[in-house]
Amino acid sequence: MQIKTVRTKEELASVLLSPEEKGPDFAYWVFSGVSQGGQWENMTVLTPGTYGQEFVKTFGHYHNDPHEETYRVVSGKGILLLQKKHFEEGSWTPNKVDRFIIVSILPGDETLITQEWGHSLSNVGNEPLITLDNWTHGHTPADYEEIEELHGMAFYLVKKDGTADIEPNPNYIDHPTPEFMTAAEFAKFTKQLI
Ligand SMILES: [Fe+2]
């Protein structure tokens, strides 16, 4: 197993709601080669905490590759944010998304991510959020660049009155109504997509 990514607050700043706010110096670590030939390739460990109101999260990305990705929660309490790419006359319009789904995930939950769905994980608990995933297909620069240019996904996940709430990202237009799902409901939803 190797350390693949260490993401500091500074490296996450471009996609945060309030980059000037204080928060954990290290947001998350990704380890690769986790099960060496087994089902899982990467392990992500997100620290608990917030940057201002926003929960610690992964940077967020799309997949250019058509394979599906499965995440499994090992421990902690998370929320997976997903947004569907919008196309106009065949070309991707990054600042508009067709749907926005918010999935609560707990240990043992598995979520399947299909192509054209941007995704980011947030730690909404008081302990590290640890997930495994099976992604071995790499990334293109555009998988990250568009989310970076728009300073995050279409909504930010924030802590308000002790619970998770959302804040629209003003760099996007025509925000869809966010859809809240449990991991089981999201599993039913993705079955229709594949
Ligand atoms: Fe992914």
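Definitions and limits used
Residues numbered from 1 in each chain as written. Predicted model: local features only at pLDDT ≥ 70, side-chain atom pairs only at ≥ 80, totals over all residues. Heavy atoms only, no water. Helix = DSSP H or I, 4+ residues; strand = E, 2+ residues; numbered from the N terminus. Rg over C-alpha atoms; globule rule 2.2 N^0.38 Å. Buried < 20%, exposed > 50% of the residue type's maximum accessible area, 1.4 Å probe, protein only. Contact = heavy atoms within 4.5 Å. Areas by Shrake-Rupley, 256 points an atom, 1.4 Å probe, with all protein chains shown as cover. Pairing = 2+ DSSP bridges. Axes fitted to C-alpha atoms, helices over the stretch in contact; angles between N-to-C directions. Donors = N, O, S within 2.8 Å, 3.2 Å for Na, K, Ca; no water. Tetrahedral: all angles 85-135°; square planar, octahedral: opposite > 155°, others 65-115°. Salt bridge = Lys/Arg side-chain N within 4 Å of Asp/Glu carboxyl O. Patch = residues over 30% accessible without salt bridge, like charges linked within 9 Å, V, L, I, M, F, W, Y side chains within 5 Å. UniProt positions renumbered as here; feature names shortened; annotations may be inferred.

**Describing the overall build of the protein**
The secondary structure content of the protein amounts to three helices and 14 strands. Relative to a compact globule of 194 residues, whose C-alpha radius of gyration would be 16 Å, the protein shows 16 Å and is just as compact. Across the 194 residues in the protein, those meeting the buried criterion constitute 47%. Long-range pairs, those at least 24 residues apart, make up 71% of the contacts in the protein with a sequence separation of at least 6. When the accessible area of the protein is evaluated, it comes to approximately 9400 Å², of which 50% is carbon and sulfur surface.

**Overview of the sheet that holds strand 6 (residues 69-75)**
Neighbouring strands of a sheet are bound in pairs by backbone hydrogen bonds; such pairs are parallel or else antiparallel. If you walk across this open sheet you meet the six strands as 1-2-3-11-6-9, and the pairing is antiparallel. For this open sheet the edge positions go to strand 1 (2-8) and strand 9 (110-113), each flanked by a neighbour on one side alone. Each strand of the sheet is rotated relative to its neighbour by a mean of 20°, with strand direction disregarded. In the sheet, strand 6 pairs with strand 11 (residues 129-133) via four bridges, with the strands oriented antiparallel.

**Thoughts on the coordination of the iron ion**
Within the protein, the iron ion binds to His 61 (NE2), His 63 (NE2), Glu 69 (OE) and His 119 (NE2); these donor distances fall in the range 2.1 to 2.2 Å. Geometry at the iron ion is irregular, judged from its four donor atoms and the angles of 86 to 172° they form at the metal. Read from N- to C-terminus, the donor residues coordinating the iron ion fall into the pattern H-x1-H-x5-E-x49-H. One end of the pair, His 63, is in the loop between strand 5 (54-55) and strand 6; the other, His 119, is in strand 10 (residues 117-123), with 56 residues separating them in the sequence. On the basis of relative accessible area, His 63 is assigned to the buried category, the value being 1%.

**Notes on the pattern of salt bridges**
Inspection of every chain in the model, using the stated rule, returns seven salt bridges. For Lys 57, the salt bridge goes to Glu 54, with nearest N and O atoms at 2.7 Å. Assigned by exposure class, Lys 57 and Glu 54 land together as buried. We note a salt bridge from Lys 96 to Glu 88, for which the minimum N-O separation is 3.7 Å.

**Considerations on a nonpolar patch on the surface**
The grouping of Ile 3, Val 6 and Phe 26 at the surface amounts to a nonpolar patch, some 260 Å² of accessible area in total. Considering the arrangement of structural elements, one finds Phe 26 in strand 2 (residues 26-32).

**Side note on the UniProt feature "domain: Glucose-6-phosphate isomerase prokaryote" (unreviewed entry) in the protein**
Listed under "domain: Glucose-6-phosphate isomerase prokaryote" (unreviewed entry) in the UniProt record, and renumbered for this structure, are residues 42-163. Annotation note: span residues 42-163, helix share 7%, strand share 53%, distance between end C-alpha atoms 29 Å.

**With respect to the sheet that holds strand 10**
The strand order across the open sheet formed by four strands is 10-7-8-14, and the pairing between neighbours is mixed. Each edge of the open sheet is held by one strand with a lone partner, namely strand 10 and strand 14 (179-182). Pairwise comparison of adjacent strand axes, ignoring direction, gives a mean angle of 30° for this sheet. Across four bridges, strand 8 (residues 91-105) lies against strand 14 in parallel orientation. Bridge assignment links Ile 102 to a residue of strand 14, and that residue is Phe 180.

**Topic: unusual backbone geometry**
Positive phi, normally seen in glycine, also occurs at Glu 116, with a value near 80°. Along the chain, the position of Glu 116 falls in the loop between strand 9 and strand 10. Residues other than glycine seldom take positive phi values, yet Asp 174 does so here, at roughly 50°. Relative to the elements of secondary structure, Asp 174 occurs in the loop between strand 13 (163-168) and strand 14.

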